[in-house]
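Read off the chains here:
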Amino acid sequence: MEKTKIFLDENDMPKRWYNIQADLPKPLPPVYSPRTLKRATLEELSVIFPMEILKQEVSQERWINIPKEILDIYAVWRPSPLYRAVRLEKALKTPAKIYFKWEGVSPAGSHKPNTAVPQAYYNMKEGTQTITTETGAGQWGSALSYATSLFDITCRVYMVRVSYDQKPYRRNLIHLWGAEVFPSPSDRTNSGRSMLQEDPNHPGSLGIAISEAVEDAATHDETKYSLGSVLNHVCMHQTVLGLESKEQLKMEESYPDIVIGCVGGGSNFSGISFPFLHDKLKGDKKDLRVVAVEPYSCPTLTKGMYAFDYGDSTKLGPIAKMYTLGHDFVPPGIHAGGLRYHGDSPIVSALYDQKIIEAQAYHQNEVFEAAILFAQTEGHVLAPETAHAVKSAIEEAKKCKQTGEEKVILFSASGHGHFDLTSYELYRDGKLADYEYPAELVKQSLQRLPKIEED
Ligand SMILES: *Cc1c(COP(=O)(O)O)cnc(C)c1O
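Reading guide: rules and limits
Residues numbered from 1 in each chain as written. Predicted model: local features only at pLDDT ≥ 70, side-chain atom pairs only at ≥ 80, totals over all residues. Heavy atoms only, no water. Buried < 20%, exposed > 50% of the residue type's maximum accessible area, 1.4 Å probe, protein only. Helix = DSSP H or I, 4+ residues; strand = E, 2+ residues; numbered from the N terminus. Arc of directions from axis to C-beta. Contact = heavy atoms within 4.5 Å. Pairing = 2+ DSSP bridges. Axes fitted to C-alpha atoms, helices over the stretch in contact; angles between N-to-C directions. Domains from an automatic or database assignment. Buried area = accessible area lost by both parts, 1.4 Å probe. Salt bridge = Lys/Arg side-chain N within 4 Å of Asp/Glu carboxyl O. Polar contact = N/O pair within 3.5 Å; in protein donor to acceptor, adjacent residues only side chain to side chain. Near = heavy atom within 4 Å. Nonpolar A, V, L, I, M, F, W, Y, C, P; charged D, E, K, R; others polar.

Quick look at helix α19 (residues 439-446)
(1) Moving on: Taken together, the buried positions of α19 are occupied by Val442, Ser445 and Leu446. For α19, the angular spread of buried residues about the axis comes to 95 degrees, placing them on one side.
(2) Moving on: Each element contacted by the buried residues of α19 is listed here: β12 (305-310) and β13 (319-324).

Some points on the sheet that holds strand β14 (residues 358-362)
Within a sheet, each strand pairs with its neighbour through backbone hydrogen bonds, oriented either parallel or antiparallel.
(1) Moving on: In space, the seven strands of this open sheet follow the order β1-β4-β5-β15-β10-β11-β14, with mixed pairing throughout. Across the chains shown, the open sheet's two edge strands, defined by having one partner strand only, are β1 (5-6) and β14.
(2) Moving on: Pairing geometry for strand β10 (residues 258-262) and strand β15 (residues 408-413), over three bridges, is parallel. Counterpart to Val259 in the pairing with β15 is Leu410.
(3) Moving on: Contacting β5 (97-102), β10, β11 (289-295) and β15, helix α13 (residues 267-282) runs over the sheet at an angle of about 160 degrees to β10.
(4) Moving on: Helix α17 (residues 384-403) rests against β5, β10, β11, β14 and β15 of the sheet, and its axis sits at about 150 degrees to β10.

Let's talk about the domain arrangement of the protein
(1) Moving on: Assigned domains of the protein: these are domain 1 (5-10 + 67-109 + 238-446) and domain 2 (17-65 + 111-232).
(2) Moving on: One C-alpha centre belongs to domain 1, the other to domain 2, and the line joining them spans 21 Å.
(3) Moving on: Listed by partner, the interface residues are 65 residues for domain 1 and 64 residues for domain 2.
(4) Moving on: Between domain 1 and domain 2, a total of about 5,100 Å² is buried, with carbon and sulfur atoms accounting for 67% of that surface.
(5) Moving on: The interface formed by domain 1 and domain 2 holds zero salt bridges in total.
(6) Moving on: Counting across the interface, domain 1 meets domain 2 through 21 residue pairs in polar contact (both at pLDDT 80 or more).
(7) Moving on: Listing elements by their share of the side of domain 1 that touches domain 2, those giving two or more residues are α3 (68-74), α12 (240-251), α13, β12, β13 and α15 (346-353).

A few points about helix α9 (residues 190-198)
(1) Moving on: Of the positions making up α9, those classed as buried are Ser191, Gly192 and Met195. Axial view of α9: buried residues confined to an arc of 95 degrees, hence all on one face. Turned more than 90 degrees from where α9 packs its buried face, Asn190 and Gln197 sit exposed.
(2) Moving on: As for α9, its buried residues are in contact with α10 (206-218).

Regarding the site of the ligand
(1) Moving on: Not every one of the 19 residues close to the ligand is listed here, only the nearest: Lys112, Ser229, Gly264, Ser267 and Asn268.
(2) Moving on: At 2.8 Å from an oxygen atom of the ligand is found a main-chain nitrogen or oxygen belonging to Gly266.
(3) Moving on: At 2.7 Å, a side-chain N or O of Ser267 approaches an oxygen atom of the ligand.
(4) Moving on: Classifying every residue of the shell around the ligand gives four nonpolar, 13 polar and two charged.
(5) Moving on: Two domains each put at least three residues into the shell around the ligand: domain 1 (5-10 + 67-109 + 238-446) and domain 2 (17-65 + 111-232).

Here it is in structure tokens:
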């Protein structure tokens with residue numbers, strides 16, 4: 001019998017994170033200060049981040065040990081199962097083998113606790129009492145609330161207004177784990193108030209919510225800020241996905257031809273793919289294809305510009321070189337709230353710029369259609385974000401049907417969609433809009449990029 005799921009023993013959990021910075025063909029461009037437009041200093045960044053996190057952010061060490069306290073908490077849901085999507089393969093009549101790494105088993109229901117726990121842990125070690133953060137669909141806010149509750153840290157979450165209204169259960173979950181959550185833009189910060197002045201019904205965006213959380217952290221003592229994606233250390237924490245998958249595929253005597261992940265800020269994509277890219281960068285697996293999937297309405301990689309930009313909308317956060325649609329671009333209110341970010345991880349951006357990875361974009365209706373096929377074959381109800389990766393995996397498997405190739409496809413099943421059922425119902429009722437790419441808005445927004453003189 002072919003295996004449906006492949007389990008790794010708890011003792012075989014990865015004990016180190018993989019830091020791809022050690023293997024990049026070119027070092028990453030430096031990060032600049034939003035205040036001076038010069039290189040950001042550690043001192044400046046340490047106002048909002050703990051030192052250990054900053055060290056990891058710039059580390060060039062290939063492997064970083066995972067502290068025992070973190071491994072003990074990871075063990076609550078890790079190692080996560082790797083599934084073979086046998087029934088989906090059958091339905092597609094494809095010779096391809098489709099595997100998915102299932103992160104829906106974590107307490108918050110996504111991959112996000114993999115970084116929330118270490119971030120809360122390092123903050124606790126350095127005496128942080130409150131952590132502020134943003135959240136889109138509420139996945140990150142709930143993951144961080146869970147993690148901070150384990151270390152007796154207070155947590156304040158700024159949640160993008162459209163999602164706050166669309167997804168009440170994620171806010172409930174944030175409350176349940178003891179954190180506070182505010183719709184963003186809020187009247188609690190200068191950033192929020194300025195946006196509300198422009199538009200009292202502002203739908204919000206991740207960029208604005210980040211501004212509010214950064215401002216809150218910078219203006220309160222013993223308060224730090226935490227980001228759920230984008231940054232190098234976050235992508236590194238997520239490499240447990242790929243490291244485990246590699247071991248699990250080894251048990252099947254298999255190795256992927258194609259690795260796929262959806263991309264919001266890039267963390268689950270990085271997590272699943274970097275340990276495999278390690279082999280490709282070494283020159284071992286030259287034919288490996290790695291595909292980043294994004295929404296057509298917020299197509300950062302496929303339509304954005306590789307440039308220095310602010311990570312947030314009111315220019316409080318550091319400036320990094322990344323693919324961007326412009327820091328004040330507000331994407332349409334699609335249901336994959338976690339993919340509505342104007343920028344992308346600097347590492348993922350560099351890999352894309354150097355053509356080491358590929359990118360694809362899909363409309364939300366075709367994405368939901370794919371997720372429903374997945375639910376009706378594999379059972380699991382995926383988050384709308386994750387559904388982008390499934391859509392791509394299905395397309396790749398269909399190509400294999402045409403060519404007769406038995407490719408091995410691995411995708412990151414980043415989270416479950418149990419709190420997104422309203423979106424599924426809207427799709428069934430034919431009420432989801434497919435937004436065209438707002439080219440004009442992006443063009444305008446890209447005119448407001450910071451002018452950085454590289455040194
Ligand atoms: C947040 C989220 C994403 C997008 O964030 P990345 O940092 O790009 O991974 C994707 N899937 C799920 C389930 C999420 O919660």
